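# Topology and contacts: notes
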Amino acid sequence: MIDASSPYLWLLIILAFIATDIWRVLGVLLANRISPESLLMKWINAVAYAMVCGVMMLVVVHPSGLVASSSLMARLPAFAVTIGLMLWRGNTLLAVSSGALTFFCLDLIISP
Amino acid sequence: MGQDHDHLSPLPQEARFAPLDEPKQVAYLAFRDLCQVPGLGLFFSMVGFAAIAREAGFGLKEALATSALVWGMPGQVALASLYLAGASAAVIFMAVALANMRMMLMVVSTVDLVGFRRHGTAIIKQIILMHFLAITTWIQLSVVRGKVADRAMVIYFIAFALPLFAIGMLGTLLGFYLVDLVPPLLLKAIVFTTPLYILMMVAKIRVQLFRYAGVAGGVLAPLLYPVIGEWAILLAGVAGGTLIMLPRLITARRVRQKRQHRVPRSDRSNHQNKGDQS
């Protein structure tokens, strides 16, 4: 076990803080220079939505962290149930909770 | 998905036509939205992070500081897992920067959604407020746009983002101890709700163009990941977003050319409509 209170870890945390907030600061500076109605603004928004959906689909298909220990055979059907219910009923809460329940049940059956 | 039913935050019907702008009502709406899936989902995401952080050898203080200072899940997970793997500081810095790069685009979008420029909010104040921006908040703002009056969006942002931050800290704190109590399978399922929820929220966004951009990015990223790893997010975002914007960009160019050549001012809107349909 690595020493939890090492100054090195605190240095890493500060570095991670800088690595993230650099983007936030740049975002603010950029946003104040682009016209809200411009095509560039639309493009930035489109890229942002594409990126966020990309990140989230990676959790479904190639996850890291806690979800990594589950099977794709649990995650994909859960995703399909969520999409299906969303298209059919248009109810987010119903769709997401049913998807999560599907994942839980399949994960329970599949995982060793 | 053409329907814009909103079962998530039930509002009085008239709210659809008259956007809310009374500060108390807006703050109440934000609080009510927060108490549903967004707050719960974020809470458990942070519980999940605390589990990873503890496993990586973080103390409670370090885990809390990471959540508070980074406040962006992919970067937090990258920090904890690379620390565990013994990666160098430079590698960790790059990985976190790459994982949270989308933050810049989200901030641009949020500054626009909230209307900081219209309000003439000082840059430093904008930067401080944007530190509290999370994916959940940004998605919520996109969905709520139109239901809340433009001038009240700042109130909604503050009433949503700051309590969400507090919930995140609570999640990290409790997660540190909760991990032993909650069965891992259950925790996994709860953590898995966040991507499902965010994806469904994008599906609900009123601007069709952005919904399509989401689909493009969501399809491209998993396909690219086996080939280029973490860069898949960046490439899928830029390629997906550009692909969806392409017809728009071409149309805009064509309209501009037509205008320059022979279209008189009065006919402009007519031609623009034709251009939009093509």
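Residues numbered from 1 in each chain as written. Chains lettered and ligands numbered in written order. Predicted model: local features only at pLDDT ≥ 70, side-chain atom pairs only at ≥ 80, totals over all residues. Heavy atoms only, no water.

Now for the overall build of chain A. For chain A, the count of helices and strands is four helices and zero strands. From first element to last, N terminus to C terminus, chain A shows the α and β order α-α-α-α. Classification of the 112 residues of chain A by burial places 47% in the buried group. The long-range fraction of contacts in chain A, counting pairs at least 24 apart against all pairs at least 6 apart in sequence, stands at 36%. Here chain A displays about 5100 Å² of accessible surface, and carbon together with sulfur accounts for 75% of that area. (Helix = DSSP H or I, 4+ residues; strand = E, 2+ residues; numbered from the N terminus. Buried < 20%, exposed > 50% of the residue type's maximum accessible area, 1.4 Å probe, protein only. Contact = heavy atoms within 4.5 Å. Areas by Shrake-Rupley, 256 points an atom, 1.4 Å probe, with all protein chains shown as cover.)

Moving on to the overall build of chain B. Each helix and strand counted, chain B has 14 helices and zero strands in total. In chain B, the succession of helices and strands from N to C terminus is α-α-α-α-α-α-α-α-α-α-α-α-α-α. When each of the 278 residues of chain B is scored for burial, the buried share is 53%. Pairs at least 24 apart in sequence give 74% of the contacts found in chain B among residues at least 6 apart. When the accessible surface of chain B is summed, it comes to about 12600 Å², and 65% of that surface belongs to carbon and sulfur atoms.

Facing 93 residues of chain B, the contacting portion of chain A comprises 82 residues. Roughly 7900 Å² is buried in total at the junction of chain B and chain A, and carbon and sulfur atoms are behind 80% of that figure. Across the chain B-chain A interface, the total number found is one salt bridge. Here Asp107 of chain A and Lys188 of chain B are joined by a salt bridge, their closest N and O atoms 2.9 Å apart. Our enumeration of links across chain B and chain A arrives at 20 residue pairs in polar contact (both at pLDDT 80 or more). By residue number, the principal contributor to the side of chain B that touches chain A is helix H11 (residues 184-204) of chain B, which donates 17 residues. Residues that form the side of chain B that touches chain A fall into these classes: 64 nonpolar, 21 polar and eight charged. (Buried area = accessible area lost by both parts, 1.4 Å probe. Salt bridge = Lys/Arg side-chain N within 4 Å of Asp/Glu carboxyl O. Polar contact = N/O pair within 3.5 Å; in protein donor to acceptor, adjacent residues only side chain to side chain. Nonpolar A, V, L, I, M, F, W, Y, C, P; charged D, E, K, R; others polar.)

What follows covers the packing of aromatic side chains. Following the criterion strictly, the structure yields nine aromatic pairs over all chains and no others. Here Phe103 of chain A and Phe192 of chain B contribute two aromatic rings whose centre-to-centre distance is 4.3 Å and whose plane-to-plane angle is 25 degrees, an arrangement assigned as stacked. One end of the pair, Phe103 of chain A, is in helix H4 (residues 92-110); the other, Phe192 of chain B, is in helix H11, on a second chain. Among the residues examined, Phe103 of chain A registers a relative accessible area of 0% and is labelled buried. (Phe/Tyr/Trp six-rings, centres within 6.5 Å; stacked < 30°, edge-to-face > 60°.)

All names here are of chain B. Even without being glycine, Trp71 reaches a positive phi, approximately 45 degrees. Following the sequence through the fold, Trp71 ends up in the loop between helix H3 (60-70) and helix H4 (73-85). Take Trp71: its relative accessible area is 1%, and that puts it in the buried class.

Turning next to H3 of chain B. The α-helix advances 3.6 residues per turn, and as a result positions three or four apart in sequence lie on the same side. The set of residues buried in H3 of chain B consists of Glu62, Ala63, Ala65, Thr66, Ser67 and Val70 of chain B. Residues of H3 of chain B that are buried in the fold lie against helix H1 (7-31) of chain A together with helix H2 (37-56), H4 and helix H10 (153-178) of chain B. Where H3 of chain B ends, the next residue or the one after it, Trp71 of chain B, has phi of about 45 degrees, a positive value.

The next subject is the packing of H2 of chain B against H11 of chain B. Residue and element names in this part refer to chain B. Following both chains from N to C, one finds H2 and H11 inclined at 130 degrees, their axes separated by 9 Å at the closest point. One element, H2, and the other, H11, form an angle in the oblique class. Along this stretch, H2 crosses H11, giving a crossing that reads as left-handed. Residues Val37, Pro38, Gly41, Phe44, Ser45, Val47 and Gly48 of H2 touch H11, and the partners they reach there are Leu187, Ile190, Val191, Thr194 and Tyr197. Broken down by class, the residue content of the contact of H2 with H11 amounts to eight nonpolar, four polar and no charged. (Axes fitted to C-alpha atoms, helices over the stretch in contact; angles between N-to-C directions. Parallel < 35°, antiparallel > 145°, perpendicular 65-115°, else oblique. Left-handed = near helix turned anticlockwise from the far one by under 90°.)

Residues and elements named next belong to chain B. This structure, assessed with the given rule, holds five salt bridges over all chains. Asp21 is the salt-bridge partner of Arg151, the closest N and O atoms lying 2.3 Å from each other. Of this pair, Arg151 sits in the loop between helix H9 (135-144) and H10 while Asp21 sits in the segment before helix H1 (23-34), and the two are 130 residues apart along the sequence. A relative accessible area of 59% places Arg151 in the exposed class. Note that Arg54 is salt-bridged to Asp180, the shortest N-O span being 2.8 Å. In this pair, Arg54 sits in helix H2 while Asp180 sits in the loop between H10 and H11, placing the two residues 126 residues apart along the sequence. Using a relative accessible area of 55% as the deciding quantity, one classes Asp180 as exposed.

So, on to the side chain of Ser142 of chain B. Locating Ser142 of chain B in the fold gives a position in helix H9. According to the relative accessible area criterion, Ser142 of chain B is buried, its value standing at 9%. A distance of 2.8 Å separates polar atoms of two side chains, one belonging to Ser142 of chain B and the other to Tyr49 of chain A. Contacts of Ser142 of chain B, omitting those with residues within four sequence positions, involve Tyr49 of chain A together with Leu113 and Ile205 of chain B.

Once that is clear, we can look at the nonpolar core. Counting 120 residues, the largest nonpolar core has Phe58, Trp138, Ile139 and Tyr156 of chain B as its most contacted members. Discounting chain neighbours no more than four positions away, the residues touching Trp138 of chain B are Ala48, Tyr49 and Val52 of chain A together with Met106, Ser109, Thr110, Leu113 and Leu133 of chain B. (Core = buried A, V, L, I, M, F, W, Y, C linked by side-chain atoms within 4.5 Å.)

Below, the discussion takes up a nonpolar patch on the surface. Together, Ile14, Ile18, Ile22, Leu26 and Leu29 of chain A together with Ile123 of chain B line one region of the surface with nonpolar side chains, adding up to about 440 Å² of accessible area. Within the element layout of this structure, Ile22 of chain A appears in helix H1. (Patch = residues over 30% accessible without salt bridge, like charges linked within 9 Å, V, L, I, M, F, W, Y side chains within 5 Å.)

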